[in-house]
Structure formats: structure tokens, C-alpha cells
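Descriptive analysis of the structure
What follows is the residue order along each chain.
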Amino acid sequence: MKLQSLKLYDFRNYAAAGVQLHPGVNLIVGENAQGKTNLLEAVFYLSTGRSFRTARNQELIRFGAEFADLGCELFSGGREQSIRAVLFSGRKPRQLYIGGVKQRSATALPGVLTTVLFCPDDLLVLKSGAAGRRKLVDTALCQLRPGYAQALGEYQKLYDSKSRILKDYNDRPSLLEPLPEFNYRMAQVGAVLIAYRAKFLRELSKQARLYHAEFSGGREELSLVYQTVSTVTDPFADKKTIFQQLLDHQQAHYRAELDSGQCLSGPHKDDFETLLGERSVKAYGSQGQTRTAAISLKLAERELFRADTGEEPVLLLDDVLSELDPGRQDFVLNKIVSGQVFITCCEPGRFTKLGRTIQVENGSIVD
Ligand code: ATP
Ligand code: MG
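Calculation notes
- Residues numbered from 1 in each chain as written.
- Chains lettered and ligands numbered in written order.
- Predicted model: local features only at pLDDT ≥ 70, side-chain atom pairs only at ≥ 80, totals over all residues.
- Heavy atoms only, no water.
- Core = buried A, V, L, I, M, F, W, Y, C linked by side-chain atoms within 4.5 Å.
- Buried < 20%, exposed > 50% of the residue type's maximum accessible area, 1.4 Å probe, protein only.
- Helix = DSSP H or I, 4+ residues; strand = E, 2+ residues; numbered from the N terminus.
- Contact = heavy atoms within 4.5 Å.
- Phe/Tyr/Trp six-rings, centres within 6.5 Å; stacked < 30°, edge-to-face > 60°.
- Lys NZ or Arg CZ within 6 Å of the ring centre and 35° of its normal.
- Pairing = 2+ DSSP bridges.
- Axes fitted to C-alpha atoms, helices over the stretch in contact; angles between N-to-C directions.
- Parallel < 35°, antiparallel > 145°, perpendicular 65-115°, else oblique.
- Left-handed = near helix turned anticlockwise from the far one by under 90°.
- Nonpolar A, V, L, I, M, F, W, Y, C, P; charged D, E, K, R; others polar.
- Salt bridge = Lys/Arg side-chain N within 4 Å of Asp/Glu carboxyl O.
- Near = heavy atom within 4 Å.
- Polar contact = N/O pair within 3.5 Å; in protein donor to acceptor, adjacent residues only side chain to side chain.
- Areas by Shrake-Rupley, 256 points an atom, 1.4 Å probe, with all protein chains shown as cover.

**Description of the nonpolar core**
- In this structure, Phe-200, Leu-204 and Leu-317 are the most contacted members of the largest nonpolar core, which totals 70 residues.
- For this core, the element with the highest residue contribution is helix α6 (residues 179-215), accounting for 14 residues.
- Once you skip the residues sitting within four places of it in the chain, Phe-200 turns out to touch Val-137, Ala-140, Leu-141, Leu-144 and Leu-304.
- In this structure, Val-19, Cys-72, Leu-96 and Val-112 belong to the second largest nonpolar core, which totals 40 residues.

**Quick notes on the packing of aromatic side chains**
- As enumerated under the stated definition, the model contains five aromatic pairs in all.
- Between Tyr-148 and Tyr-196 the ring centres are 5.5 Å apart and the planes differ by 85°, which places this aromatic pair in the edge-to-face class. Here Tyr-196 lies in helix α6 and Tyr-148 lies in helix α5 (residues 146-168), a separation of 48 residues in the sequence.
- For Tyr-196, a relative accessible area of 26% corresponds to the partly exposed category.
- Here Phe-215 and Phe-331 contribute two aromatic rings whose centre-to-centre distance is 3.7 Å and whose plane-to-plane angle is 10°, an arrangement assigned as stacked. Of this pair, Phe-215 sits in helix α6 while Phe-331 sits in helix α11 (residues 326-335), placing them 116 residues apart in sequence.
- Judged by its relative accessible area of 11%, Phe-331 is buried.
- Here the guanidinium or amino end of Lys-92 rests over the ring plane of Phe-88, the centre of that ring lying 4.1 Å away.
- Between the NZ or CZ atom of Arg-279 and the centre of the ring of Tyr-284, over which it lies, the distance is 5.8 Å.

**Here we look at the sheet that holds strand β3 (residues 25-29)**
- Overall, mixed pairing links the six strands, which are arranged β8-β12-β13-β3-β14-β15 in an open sheet. Of all strands in the sheet, those bounded by a partner on one side alone are β8 (115-118) and β15 (364-365).
- Pairing analysis gives four bridges linking β8 to strand β12 (residues 314-318), with the strands arranged parallel. Among the inter-strand pairings, Phe-118 is bridged to a residue of β12, identified as Leu-317.

**Some words on the packing of helix α4 (residues 130-144) against α5**
- Packing of α4 against α5 brings their axes to within 5 Å, and their N-to-C directions diverge by 125°. One element, α4, and the other, α5, form an angle in the oblique class. In terms of crossing hand, the pair formed by α4 and α5 is left-handed. Across the interface between the two elements, Asp-138, Leu-141, Cys-142 and Leu-144 from α4 touch Pro-146, Tyr-148, Ala-149 and Leu-152 from α5.
- In terms of residue class, the contact of α4 with α5 is made up of seven nonpolar, no polar and one charged.

**A word on the pattern of salt bridges**
- This model, assessed by the stated rule, comprises 23 salt bridges.
- Put simply, Glu-59 and Arg-56 hold a salt bridge, and the shortest N to O gap is 2.9 Å.
- According to the relative accessible area criterion, Glu-59 is partly exposed, its value standing at 32%.
- Its salt-bridge partner being Glu-323, residue Arg-291 comes within 3.7 Å of it at the nearest N-O pair. You can see Arg-291 sitting in helix α10 (residues 287-309) and its partner Glu-323 sitting in the loop between β12 and α11, a full 32 residues away along the chain.
- Among the ionic contacts, a cluster of salt bridges with common partners joins Arg-302, Glu-303, Arg-306 and Glu-312.

**A closer look at the environment of Leu-158**
- As for its placement among the helices and strands, Leu-158 is situated in helix α5.
- Classification of Leu-158 by relative accessible area gives buried; the value is 10%.
- Separated by 20 residues in sequence, Leu-158 and Asp-138 place their C-alpha atoms 17 Å apart.
- Those residues in contact with Leu-158, other than ones at most four positions away along the chain, are Phe-182, Arg-185, Met-186 and Val-189.

**Some details on unusual backbone geometry**
- Phi at Arg-12 takes a positive value of approximately 50°, unusual for a residue other than glycine.
- For Arg-12, the location among the structural elements is in the loop between β1 (2-11) and β2 (14-20).
- For Arg-12, a relative accessible area of 17% translates into the label buried.

**A look at the site of ligand 1**
- Neighbouring residues of ligand 1: 17 residues in total, closest Ala-33, Lys-36, Thr-37, Asn-38 and Ile-61.
- Separating a nitrogen atom of ligand 1 from a backbone N or O atom of Glu-59 is a distance of 2.9 Å.
- One nitrogen or oxygen atom from the main chain of Phe-63 is found 3.0 Å from a nitrogen atom belonging to ligand 1.
- Expressed as a share of its isolated accessible area of 660 Å², the protein-covered part of ligand 1 is 76%.

**Looking at the side chain of Arg-291**
- Residue Arg-291 is classed as buried on the basis of its relative accessible area, which comes to 19%.
- A distance of 2.3 Å separates the side chain of Arg-291 from the backbone oxygen of Glu-323, its partner in a polar contact.
- When residues no more than four places from it in sequence are discounted, the contact partners of Arg-291 are Leu-123, Glu-323, Leu-324 and Arg-328.

Now the structure itself:
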């Protein structure tokens, strides 16, 4: 899939901007706070129906504007297509269109435009908290599997409702009445999430191991180990078994949840461990090893997308190259020769010979 053009009205700091895109590397350059990441964010929004920086659409609308309108034309699935999103301030729901046809949800977007985003935070993802690793898995799976996106959305709503019950039941004990129903459904939907995550991480691990081996000259063996609710003995078991095991865990933590007022049981606390040989990267990885492993993970993600959809996903690299030493920059650049790529950087230096350069200045595309 290749983006051909992008148009933005009142999106972030862009009042009105349009840009023709290169089918290979698009280098987005400009000083700090000019709108480079905003451009990537627009592309990401069109492919997922959400931002990677905020959950609030309001922040995406230019200060003082009533709505933001963003759209792209692209070649995907063997034909010309278009995607458009209109975001409103206030309560009016956003509107999404594919080929001019209004969509009821964002689930069809990734089938038309798939993106893999790589930003400096991702370089730290293996060292920081579990939330970042869950986000990595969720973002990828939501694009790859519409069923997952749906299940995750439902799980989040259930989680929010249960959290409110646990927080407020002391003042209003009647709130506890529907709790068993929430628990039951959370275990059902949780089993679906676990099944998807286990399979995804197994595939990601296989691919990332290949990249990391190449990167480290065959000296290091990378693997990912899925960590979920402790009563789940085999995340590849059938969903009924997992469901039962999740209920068992909930039951064992029933009292603790009431006492703490928090939702303690369920796959919202999932994580994965990254190992080099037998050793945990989080605990023992050097800076270089951690970065290399993170790059391998991202390249693996792109590979899975390609294998799954039969199309090369669009790669979004936000400031990530400038964070890497020349050896790692070259590794990444050599591995992304095919497909369309958007790279933001302040100091283009050695990259300007790639594809085309898009110069960004204070919310305008000047070149
Ligand atoms: P850096 O090199 O520092 O990463 P950047 O070019 O990637 O910079 P962006 O994050 O794309 O910068 O843009 C940031 C600018 O956009 C900031 O000046 C910010 O104030 C502005 N901005 C963000 N949201 C809005 C909005 N809703 N309306 C207007 N301007 C906004
Ligand atoms: Mg930026």
C-alpha cells in the first residue's frame, strides 16, 4: 500500500495543507515544534481511527477551530482508494469514510491502510513498564484482527464499569449487584484477548529472533515470553478452559478487589518478557542490546503485517533514526528498502539522499 497524497484542514497546527507523497522514503524535516510528528499522527489516525499521542480528539483539532478534516488518497488492494476523517469539538461523534462511504466504526481502516509506527519511546519499551508493551501488542493486533479490536473495546468498557463499582460500592452497596455479571463477561472476553495475544507473540518472537540474530552476528538469541493471568496454565488452550481459569483467578481475588477498590484480576495486566538466551533484557540488557532488541521487534511487526495482509505496511519512523548510532541506522535503513516510509528528523544530514524531502515550517508544508 502506498499513500499518494495527504490533505489536512485544521488538524493540530495545520490550518490547510496538502502534500503529494513519494512511493518510497518521505523524509519530513523541520525544526522542533513545527508539525513533523503531527503529519505522522494524521497518517496514523487515518489507518487506525485514533492517535498514538492522545485519546482526546479535541487535541487534534486546531486551537480555535470547530472541526478537523483529514484525508488521504492511496493505492491499496490493487486499486485507488481514499480515507477521510472529520473530528468535531464537543460531543458530536467523529466521522470516518472509506471511498466516500461512511463507516460505523474504525475496524475497516487498517484493511485499507496499515501502518507500523516506531518512535523513541519504543526503543525503551523493553525496559519500561508493562503498559508500553501491552500498547505495542494491542496496536498491532487491533490493525491485524478486527475481532481483537472489538473484543478489546468491549473489555475496556467492562473494565471501566467494574472499576467504578469497586471504587464507589462503599457509598452505594447496591452497585455490587451486577458485579458477578461483569466478572463473567470479562472472563469471556478476556479469554478471547489471551488467545489472540498468545498467537501474535509467538509469531512476533519467531520473526524478531531472526532479525536480532542477524543484527548481533548470530551471537544472541532473542525470544518473547507471554505473561498473563497466573491461573492460565496454557494460553493456547481452548477459550473455554481459559475462561474457567480466569473465573478461578477472579474468585481467588474477590476479597482483595473489594478491599483495594481496584480491578486486580484479568488480562489488562498482561505483559511479555524479552529474553536474550536465558536472560531478561529488562533486568540485564545493556543499552545497545535493548535498542537492538526493540528494533528487531518493530521490524518483525512489519514483517508479520506484510505476511498477513500480503501488502507492505506503511512505516512511520518518528525521530527514531536520530536516536540510533550509524551502525543501527544502517541496519534499519537496509531493512526497509521496500515499501513506503515516513521518517521525521530535525537534522536530515545523511538521509537527504533518500526519496523526497518534505520541509515543514510552523504548520505549513513549504516544499
Ligand atoms: P519535534 O522536533 O520537537 O518533535 P515536531 O515538528 O514533531 O517537533 P509536532 O509535535 O508535530 O512537532 O507539532 C508540535 C506543534 O503543534 C507545537 O507547536 C504545538 O503547540 C502544536 N499543536 C499541537 N496541537 C495543536 C492544536 N490542537 N492546535 C494548534 N497547534 C497545535
Ligand atoms: Mg516530533
